Amino acid sequence: MTKILCIGEALIDMICTDKGKSLADGANFLKKPGGAPTNVAAAIAALGGQADLACKVGMDPFGQHLVFTMQQMGVDTRYMFRDADHFTTIAFVSLMENGERDFVFSRGADSQLSIKDMASVPLDEFDIFHFGSATSFLPGPFYEAYRSTRDKAVQQGAYISFDPNYRHDLFKNNQDFFISNSLDFIANCHYFKVSEEEAMLLTGTATLSDATTVLMEKSAATFTITLGKEGTMLCHNKETAIIKSIEIKPVDTTGAGDAFVGALLYLLAQKGKNTIQQLDFGTWKTMVYNANKAGARTCEYLGAMEAFKHLNNSIFE
């Protein structure tokens, strides 16, 4: 079976459950496992794929909870490194009455994943690498480990997937650094996924059409631009199409994009490493449609990990 390595942050989301309250005024919080690459790995495993997660968490109860949760999901946790000197990264989030997010990011162990840590990971065992970390371009040892692992994966001829996972709260004062690093990864991958907002941010454009054109100029990779309930724009070998999603009654959209990526990587892995880069446009359209279904189904449950428990490959055509 084709093995997939997801590299990035594993963290705890502390979600304020007091509707409309700011973090200052809220009193009740719900603990949820999080981190985009963590979600992707969980979705791959839920669908029956073989996924490992490379990250760093603290020795505290939150880190223990993350490792246990991923083990329960079927993800290989051998490379979830534990750090005795740094606490597990935590994000506090509240949706206020005006629709704005109140966000406080308390960064800890995820920033400490190092080149030395990654040296203990047998990279040649993996055929697909997914780089989907929201925190990878922040200061810390992780920045160098992230880029170093990407370079080694390229050198060994592995299939490279990238999702920039832009978070305005993290990069509002350093957008240019985020953009330049993201464009470098886009130019050196085989597949990438961006949201419509990210596509325009990275290209400096104002329309989906213009963003698609610029991205095709900057990268030879296959890419998708997620459009929410409108579906997903697919671009493969200069051909484009919008792939519709399915209608659902959404409960929580958390993790929908990660479920989409996880499902797509799972489907790519089923094609086998020797044919993965020779797939035609029709095959990609079918895979994106099925990945749309996985993303949509995730929205029918509260919390990404809870939703992933209900994912299985019977939803695919």
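Trainee: Quick one: what's the story with the pairing of strand E6 (residues 90-95), residue by residue and with numbers?
Mentor: Bridging between strand E2 (residues 11-16) and E6 involves four bridges; their strand directions are parallel. Paired with Ile15 across the strands is Val93, a residue of E6. Of the strand pairs in this sheet, E6 and strand E7 (residues 101-106) are connected by six bridges, and their pairing is antiparallel. Paired with Ser94 across the bridge in E7 is Asp102.

Trainee: Explain the packing of aromatic side chains to me, and be specific about the residues and the numbers.
Mentor: The geometry of an aromatic ring pair is captured by the separation of the ring centres together with the interplanar angle, meaning the angle of the planes. Enumeration according to the criterion identifies 20 aromatic pairs in this entry. Ring geometry for Tyr191 versus Trp284: centroids 5.8 Å apart, planes at 25 degrees, classification stacked. Taken as a pair, Tyr191 in strand E10 (residues 191-195) and Trp284 in helix H10 (residues 281-298) lie far apart in primary sequence, 93 residues in all. Residue Tyr191 is classed as buried on the basis of its relative accessible area of 1%.

Trainee: I'd like a description of helix H7 (residues 196-203), backed by residues and values.
Mentor: Each α-helix turn comprises 3.6 residues. Residues three or four places apart therefore point the same way. If you check which residues of H7 are buried, you get Glu198, Ala199, Leu201, Leu202 and Thr203. For H7, the elements touching its buried residues are helix H6 (175-186), E10, helix H8 (208-218) and strand E11 (222-226). Among the residues trailing H7, Gly204 stands out with phi positive, at a value near 70 degrees.

Trainee: Which residues make up unusual backbone geometry, and what values do they have?
Mentor: Positive phi is not limited to glycine here, since Asn165 has a value of about 50 degrees. Mapped onto the elements of the fold, Asn165 is located in the loop between strand E9 (159-162) and helix H5 (168-171). We note that Asn237 has phi near 50 degrees; this positive angle belongs to a residue other than glycine. Structurally, the position occupied by Asn237 is in the loop between strand E12 (232-236) and strand E13 (239-243).

Trainee: Account for the sheet that holds strand E3 (residues 29-34), with residues named and values stated.
Mentor: The four strands are arranged E3-E2-E6-E7 in an open sheet whose pairing can be described as mixed. Lying at the two open borders of the sheet, with one neighbouring strand each, are E3 and E7. Between one strand and the next, the sheet's axes are offset by a mean angle of 20 degrees, whatever the strand orientation.

Trainee: Any details on the pairing of E11? Residues and values, ideally.
Mentor: Regular strands show a simple pattern: their side chains alternate between the two faces of the sheet. Among the five residues in E11, five count as buried, and that is most of the element. Of the two faces of E11, both are covered, the one formed by Thr222, Thr224 and Thr226 as well as the one formed by Phe223 and Ile225. Bridge analysis of E10 against E11 gives five bridges, and the strand direction is parallel. Bridging from a neighbouring strand, Lys193 pairs with Thr224 of E11. As judged from the four bridges shared by E11 and E12, these two strands associate in the antiparallel manner.

Trainee: With reference to specific residues and values, describe a nonpolar patch on the surface.
Mentor: Nonpolar side chains collect at one region of the surface, where Ile15, Leu30, Val251 and Leu302 lie side by side and expose about 340 Å² of accessible area between them. Counting through the fold element by element, Leu302 comes out in the loop between H10 and helix H11 (304-308). Leu302 gets classed as exposed once you look at its relative accessible area, which sits at 53%.

Trainee: Tell me about the state of the cysteines, and name the residues and values.
Mentor: Under the defined criterion, the tally for this structure stands at zero disulfides. Between Cys189, a cysteine without a disulfide, and Cys235, which holds the nearest cysteine sulfur, the sulfur-to-sulfur distance is 12 Å. Taking the relative accessible area as the measure of exposure, Cys235 reaches 2% and is therefore buried.

Trainee: Which residues make up the pattern of salt bridges, and what values go with them?
Mentor: Counting across every chain of the model gives eleven salt bridges. Between Asp151 and Arg150 there is a salt bridge, with its nearest N and O atoms 2.8 Å apart. Taking relative accessible area as the criterion, Asp151 reaches 35% and is therefore assigned partly exposed. Taking the relative accessible area as the measure of exposure, Arg150 reaches 4% and is therefore buried.

Trainee: Explain the side chain of Asp52 to me, using residue names and the numbers behind them.
Mentor: As for its position among the elements, Asp52 is in strand E4 (residues 50-58). Not counting the four nearest positions on each side in its chain, Asp52 is found in contact with Lys3, Ile4, Leu5, Cys6, Val75, Asp76, Arg78, Tyr79 and Phe126.

Trainee: Explain the packing of helix H1 (residues 36-46) against helix H9 (residues 256-271) to me, and be specific about the residues and the numbers.
Mentor: Contact geometry of H1 with H9 gives a least axis separation of 8 Å together with a crossing angle of 50 degrees. Taken as axis vectors, H1 and H9 run oblique relative to one another. The way H1 lies across H9 gives a crossing that is right-handed. Residues Ala36, Asn39, Val40, Ala43 and Ile44 of H1 pack against Asp258, Ala259, Val261, Gly262, Leu265 and Tyr266 of H9. By residue class, the composition of the contact of H1 with H9 is eight nonpolar, two polar and one charged.

Trainee: Outline the sheet that holds E13, supporting the account with residue identities and numerical values.
Mentor: Taken in spatial order, the nine strands of this open sheet run E5-E4-E1-E8-E9-E10-E11-E12-E13, and their pairing is mixed. Pairing within the sheet leaves two strands with one partner each, and these edge strands are strand E5 (80-83) and E13. In this sheet, adjacent strand axes meet at a mean angle of 15 degrees when their direction is disregarded. As paired strands, strand E8 (residues 128-131) and E9 are joined by four bridges and run parallel to one another. Note that in E9 the partner of Phe131 across the bridge is Phe162. Contacting E10, E11, E12 and E13, H8 runs over the sheet at an angle of about 160 degrees to E11.

Conventions and cut-offs
- Residues numbered from 1 in each chain as written.
- Predicted model: local features only at pLDDT ≥ 70, side-chain atom pairs only at ≥ 80, totals over all residues.
- Heavy atoms only, no water.
- Pairing = 2+ DSSP bridges.
- Helix = DSSP H or I, 4+ residues; strand = E, 2+ residues; numbered from the N terminus.
- Phe/Tyr/Trp six-rings, centres within 6.5 Å; stacked < 30°, edge-to-face > 60°.
- Buried < 20%, exposed > 50% of the residue type's maximum accessible area, 1.4 Å probe, protein only.
- Contact = heavy atoms within 4.5 Å.
- Axes fitted to C-alpha atoms, helices over the stretch in contact; angles between N-to-C directions.
- Patch = residues over 30% accessible without salt bridge, like charges linked within 9 Å, V, L, I, M, F, W, Y side chains within 5 Å.
- Areas by Shrake-Rupley, 256 points an atom, 1.4 Å probe, with all protein chains shown as cover.
- Salt bridge = Lys/Arg side-chain N within 4 Å of Asp/Glu carboxyl O.
- Disulfide = S-S within 2.5 Å.
- Parallel < 35°, antiparallel > 145°, perpendicular 65-115°, else oblique.
- Left-handed = near helix turned anticlockwise from the far one by under 90°.
- Nonpolar A, V, L, I, M, F, W, Y, C, P; charged D, E, K, R; others polar.

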